[in-house]
Amino acid sequence: MRAFSDKQTDVFLNAFGEPITYGASTFRAILNVRPVVIEGTEGLIEDEETFLSAKSIDISALNLSIGSQLIVRGTDYTVYRIYNDLSGVIEIYIRVTIAGLIP
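In short, a report on the structure. Per chain, residues are indexed from 1 in the order of the written sequence. At least 70 in pLDDT is required for a residue's local features to be given in this predicted model, at least 80 for side-chain atom pairs to be given and counted, and no such filter applies to totals for whole chains, interfaces and linings, which use all residues. Side-chain measures here rest on the full set of heavy atoms in the structure, leaving out hydrogens and waters.

## Some thoughts on the overall build of the chain
At step 1: Here a strand is any run of E in DSSP of at least two residues, a helix any run of H or I of at least four, and the numbering for each starts at the N terminus. A count of helices and strands for the chain gives two helices and six strands.
At step 2: Moving toward the C terminus, one meets the helices and strands of the chain in the order α-β-β-β-α-β-β-β.
At step 3: If you line up the chain on its principal axes, its C-alpha atoms span 50 × 35 × 20 Å.
At step 4: By the burial criterion, 29% of the 103 residues in the chain qualify as buried.
At step 5: A fraction of 43% describes how many contacts in the chain between residues 6 or more apart in sequence connect residues 24 or more apart.
At step 6: Method for areas: the Shrake-Rupley scheme with a 1.4 Å probe, in which residue coverage is limited to the protein chains shown. Here the chain has roughly 6900 Å² of accessible surface; of this, 55% comes from carbon and sulfur atoms.
At step 7: The centroid of the 8 positive side-chain charges in the chain is displaced by 10 Å from the centroid of its 13 negative side-chain charges. Throughout, exposure labels follow a simple rule: accessible area from a 1.4 Å probe, protein chains only, divided by the maximum for the residue type, with under 20% read as buried, over 50% as exposed, and the rest as partly exposed. Should any heavy atoms of two residues lie within 4.5 Å, those residues are counted as being in contact. The convention is simple: Lys and Arg are positive, Asp and Glu are negative, and His and the chain ends are not counted. A charge is said to be at NZ when it belongs to Lys, at CZ for Arg, at CG for Asp and at CD for Glu.

## Section: the nonpolar core
A general tendency of soluble globular proteins is for nonpolar side chains to be buried together.
At step 1: Take the buried Ala, Val, Leu, Ile, Met, Phe, Trp, Tyr and Cys residues and link them wherever side-chain atoms come within 4.5 Å; each set so joined is a nonpolar core. Membership of the largest hydrophobic core comes to 15 residues, with the highest contact counts inside it found for Phe-27, Leu-52, Leu-70, Ile-92 and Ile-94.
At step 2: Counting residues per element, the ones that place at least two in this core are strand S1 (18-22), strand S2 (25-40), strand S3 (43-55), strand S4 (69-72), strand S5 (75-84) and strand S6 (89-96).
At step 3: Here this core takes three residues from S6, the largest share from any one element.
At step 4: Contacts of Ile-92, omitting those with residues within four sequence positions, involve Phe-27, Thr-50, Phe-51, Leu-52, Ala-54, Ile-59, Leu-64, Leu-70, Val-79 and Arg-81.

Take it as geometry only, folks, not as evidence of what the structure does.
Shown next, in the form of structure tokens:
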């Protein structure tokens, strides 16, 4: 596993990140979308998963957790998974929040 220094993470997020709103707070993260393909008996199921790559120390200071609501590019999202591999960069998996549904 590769660990990133604070300076490396800051350079990376400043170059490619964008502001993400969490309540009254804002942090920088990189928006990622990757394809997911599942092979089933009826053929292939294709979808995408959306996640944010952010600085671990920034996220731990915010007490972000599963079910938290974020605003990314003007759209409301709900956090459904947080993956921290201890590299200094954390992945926050999100899905569009649908009004009236409990996350």
